[in-house]
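# Understanding the architecture of this molecule
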Amino acid sequence: MSKEIKTIGVLTSGGDAPGMNAAIRAVVRKAISNGVKVKGIKRGYQGLLNEEIVDMEKHSVSDIIQRGGTILGTARCAEFRTEEGQNEGVRVCRKHGIDGLVVIGGDGSYRGAQALSRKGINTVGIPGTIDLDIACTDYTIGFDTAINTAMEAIDKVRDTSSSHERCSIIEVMGRNAGYIALWCGVANGAEDILLPEKYDYDEQKIVNNIINNRKRGKKHHIIINAEGIGHSTSMARRIEAATGIETRATILGYMQRGGNPTCKDRYYASIMGAYAADILCEGKSNRVVGYKNGEFVDFDIEEALAMEKDIPEYQYLVSRVLSM
């Protein structure tokens, strides 16, 4: 039989993502409604090791659903990748009476949750990352806000690029995944979209495309470059030298992580947070919440981490056709 859960902890780990606060709010209020106490752990796994732990009530999460970032804070923690760090995490959980833990973050955060689960602390993960790179789920918290933030910024760069008849390389985030670049490339009508999963590093094709478009009377050329490819500034210098066309690089950077979460991110985060609290209170462990084929579901963490995700071929082909 699964053990009785009396107190759960909640933390955010890895890169922050808009909607994390909505998930925290849902975890706290759903767990309390289930008769379970909740403790907030500040600054991720590092805060767990440092015992930065506070009691949370329903009012603790009032007026946060609309805020970007995470009220609990987040940090990278190399120590938690070690056996000693994980054992210390277990000791701290038991000292504070934490029977289960909700971890909001990406796949790296899940590995920490997996380690705790193996050592007797029930854990459930929630996919909080703007990168959309977790294979077990069709959606990750923060993605919608990030692509809308990037889309609006790219529209503005496009305006000035057209005014000056420039080529603009705009670099978006996504770590080693190209989903933000793909979505923004299509939504912003980019002439070239460079994805880590598909790019062949043949810059001459891009140069030829720019030259041919200029001959057809195109006054600007937008290239969306994924973070996983990077080197946008040096790429801009090479393209300008090869085409004779003024080329500028814009790296959008961390602005994509911030801002008020969209309705979609608030809603998905709220349902995922409540779902995570419920299955943890039921005594489940080593699970990851996901959204698959229109339903909120959960997977074994090991199964989830073993899954692979790639850019859908049809969507990529459409992006190529529409950019011509």
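Figured I'd write up the structure that's included with this text. (Residues numbered from 1 in each chain as written. Predicted model: local features only at pLDDT ≥ 70, side-chain atom pairs only at ≥ 80, totals over all residues. Heavy atoms only, no water.)

## Some words on the sheet that holds strand β3 (residues 53-56)
Spatially, seven strands are ordered β3-β2-β1-β4-β5-β10-β11 in an open sheet, and the strand pairing comes out mixed. Each edge of the sheet is formed by a strand with only one pairing partner; in this case those strands are β3 and β11 (295-300). When strand polarity is set aside, the average angle formed by the axes of neighbouring strands in this sheet is 30°. Relative to β11, strand β10 (residues 287-292) runs antiparallel, the two sharing six bridges. Bridging across to β11, R287 finds its partner in D300. Along the sheet face, helix α9 (residues 263-281) touches β1 (7-12), β4 (100-105), β5 (122-127), β10 and β11 and points at about 170° away from the line of β5. (Pairing = 2+ DSSP bridges. Helix = DSSP H or I, 4+ residues; strand = E, 2+ residues; numbered from the N terminus. Axes fitted to C-alpha atoms, helices over the stretch in contact; angles between N-to-C directions. Contact = heavy atoms within 4.5 Å.)

## Concerning the packing of aromatic side chains
Tallied over the entire structure, the rule returns nine aromatic pairs. Considering the side-chain rings of Y139 and F143, the 6.5 Å spacing of their centres and the 80° angle between planes classify their relative orientation as edge-to-face. The burial state of Y139 is the same as that of F143; both residues are buried. Summarising the aromatic geometry, the rings of Y139 and Y268 are spaced 4.8 Å apart at their centres and angled 55° between planes, so their arrangement reads as tilted. In this pair, Y139 sits in the loop between β5 and α5 (143-163) while Y268 sits in helix α9, placing the two residues 129 residues apart along the sequence. (Phe/Tyr/Trp six-rings, centres within 6.5 Å; stacked < 30°, edge-to-face > 60°. Buried < 20%, exposed > 50% of the residue type's maximum accessible area, 1.4 Å probe, protein only.)

## Regarding the packing of helix α7 (residues 203-215) against helix α8 (residues 232-243)
How two helices pack is summed up by the angle between their axes together with the distance between the axes. Between α7 and α8, the shortest axis-to-axis distance is 10 Å and the interhelical angle comes to 55°. Relative to α8, α7 is oriented oblique. As for how α7 packs across α8, the hand of that crossing is right-handed. Here E203, I206, V207, I210 and I211 of α7 lie close against α8, whose contacting residues are M235, R238, I239, A242 and T243. Split by residue class, the contact of α7 with α8 holds seven nonpolar, one polar and two charged. (Parallel < 35°, antiparallel > 145°, perpendicular 65-115°, else oblique. Left-handed = near helix turned anticlockwise from the far one by under 90°. Nonpolar A, V, L, I, M, F, W, Y, C, P; charged D, E, K, R; others polar.)

## Some thoughts on the sheet that holds strand β8 (residues 221-226)
Taken in spatial order, the four strands make up an open sheet running β7-β8-β6-β9, and their pairing is parallel. Across the chains shown, the open sheet's two edge strands, defined by having one partner strand only, are β7 (192-194) and β9 (247-251). Recorded for the sheet is a direction-independent mean angle of 15° between the axes of neighbouring strands. One ladder, built from six bridges, connects strand β6 (residues 167-172) with β8; its direction is parallel. Bridge assignment links C167 to a residue of β8, and that residue is H221. Its contacts with the sheet place α7 against β6, β7 and β8, and it is angled at close to 160° to β8.

## Some thoughts on the pairing of β4
Of all six residues that make up β4, six are buried, and the element is covered over most of its length. Side chains of β4 alternate between two faces, with G100, V102 and I104 and L101, V103 and G105 buried alike. As judged from the five bridges shared by β1 and β4, these two strands associate in the parallel manner. What sits directly across from I8, in β4, is G100. Note that β4 and β5 share six bridges and pair parallel. Bridging from a neighbouring strand, G105 pairs with P127 of β5.

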